[in-house]
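# Examining the three-dimensional arrangement
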Amino acid sequence: MTYSAETVMLKDGNAVTIRSVEPEDAPIMLQYMKIMLGETPFLLRTPEEFNYSPEEEARVLSGRKDDPRSLMLVAESDGRIIASADICSHGAKSRVMHRGELGISVRSDYWRRGIGSALMERLLAFAAQSGYEQIELTVESKNLRALRLYLKYGFMVYGTRPHGMKYPDGSYDNDYLMIKMIK
């Protein structure tokens, strides 16, 4: 799905552009993901495990753009991606089409400026317009910043997966399974 670019003012008075990601964005998306994977332990992969080629990433982005029930957004500032967010269906099977999966990531130098909220509002509006009845996500229990965002927008914890994430030092974190009912 395509989302027209718009300028959003952040809490600090700076403007960012929110728009759909395009297949042509593959090289800068790969760069963004490498940065994000190095900044936070809360994402599923390590930077070393993220090894898509620009062509592979372009195919993924094209598939997301061509799917009417999928929306992938980026936020840009000064020509660089500073945040990414997406929502997609659990599949084309009739028994799971009512469910959507949501994810948001924001570069650390843009935390606490309102970009996560701006992206969340657009994804939830898209979810409602697209006929989703519930939105699901997984968040690490120690990711308090993300957890607060999700709770603010009406998500609730419906389960905990013990040891959902294992870190290089051998420690674990639990996953919270969260849901927001749209309908």
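Scroll up to find the structure this text is about.
What this report covers is the structure whose coordinates are included nearby.

What counts and how
- Residues numbered from 1 in each chain as written.
- Predicted model: local features only at pLDDT ≥ 70, side-chain atom pairs only at ≥ 80, totals over all residues.
- Heavy atoms only, no water.
- Helix = DSSP H or I, 4+ residues; strand = E, 2+ residues; numbered from the N terminus.
- Buried < 20%, exposed > 50% of the residue type's maximum accessible area, 1.4 Å probe, protein only.
- Contact = heavy atoms within 4.5 Å.
- Areas by Shrake-Rupley, 256 points an atom, 1.4 Å probe, with all protein chains shown as cover.
- Lys, Arg positive; Asp, Glu negative; His and termini not counted.
- Charge placed at Lys NZ, Arg CZ, Asp CG, Glu CD.
- Phe/Tyr/Trp six-rings, centres within 6.5 Å; stacked < 30°, edge-to-face > 60°.
- Lys NZ or Arg CZ within 6 Å of the ring centre and 35° of its normal.
- Salt bridge = Lys/Arg side-chain N within 4 Å of Asp/Glu carboxyl O.
- Core = buried A, V, L, I, M, F, W, Y, C linked by side-chain atoms within 4.5 Å.

## Overview of the overall build of the protein
Of regular secondary structure, the protein possesses four helices and eight strands. Along the protein, helices and strands appear, N-terminal first, in the series β-β-α-α-β-β-β-α-β-α-β-β. Within the protein, buried positions represent 44% of all 183 residues. Relative to all contacts within the protein whose residues are 6 or more apart in sequence, the contacts with residues 24 or more apart total 60%. Put simply, the protein shows about 9,700 Å² of open surface, and 53% of that area lies on carbon and sulfur atoms. Of note, the protein has its 24 positive side-chain charges centred 5 Å away from the centre of its 25 negative side-chain charges.

## With respect to the packing of aromatic side chains
Inspection of the entire model under this criterion finds two aromatic pairs. Taking the centre distance of 5.2 Å and the plane angle of 10 degrees together, the rings of Phe50 and Tyr52 count as stacked. Lying across the ring of Tyr132, Arg69 places its NZ or CZ 4.1 Å from the centre. Its end group placed over the ring of Tyr110, Arg113 keeps NZ or CZ at 4.4 Å from the ring centre.

## Some remarks on the environment of Leu43
By the element assignment, Leu43 lies in the loop between α1 (26-39) and α2 (54-66). If we ignore the near neighbours within four places in the chain, the residues touching Leu43 are Met36, Leu37 and Met165.

## What to know about the pattern of salt bridges
Under the counting rule described, the total for this entry stands at 10 salt bridges. Residue Glu76 is joined to Arg19 by a salt bridge in which the shortest nitrogen-to-oxygen separation is 2.9 Å. Residue Glu76 is found in strand β3 (residues 71-77), and its partner Arg19 is found in strand β2 (residues 15-20); the two are separated by 57 residues along the sequence. Both residues of the pair, Glu76 and Arg19, belong to the buried class. Salt-bridge contacts for Glu22 lead to Lys65; the nearest nitrogen and oxygen are separated by 2.5 Å. Placement of the pair is Glu22 in the loop between β2 and α1 and Lys65 in helix α2, with a sequence separation of 43 residues. For Lys65, a relative accessible area of 30% gives the class partly exposed. Residues participating in the shared-partner salt-bridge network are Arg19, Asp25 and Glu76.

## Some words on the nonpolar core
Residues Leu102, Ile104, Ile115, Met120, Tyr150 and Phe155 are the most contacted members of the largest nonpolar core, which totals 34 residues. Going through the elements one at a time, β2, β3, β4 (80-89), β5 (99-106), α3 (115-129), β6 (134-140) and α4 (144-152) are the ones with two or more residues in this core. For this core, the element with the most residues is α3, which contributes eight residues. Setting aside chain neighbours within four positions, we find Phe155 in contact with Leu102, Met120, Leu124, Ile135, Leu137, Tyr150, Met178, Ile179 and Lys180. One finds Ala26, Tyr32, Met72 and Ile81 within the second-largest nonpolar core, a separate group that totals 13 residues.

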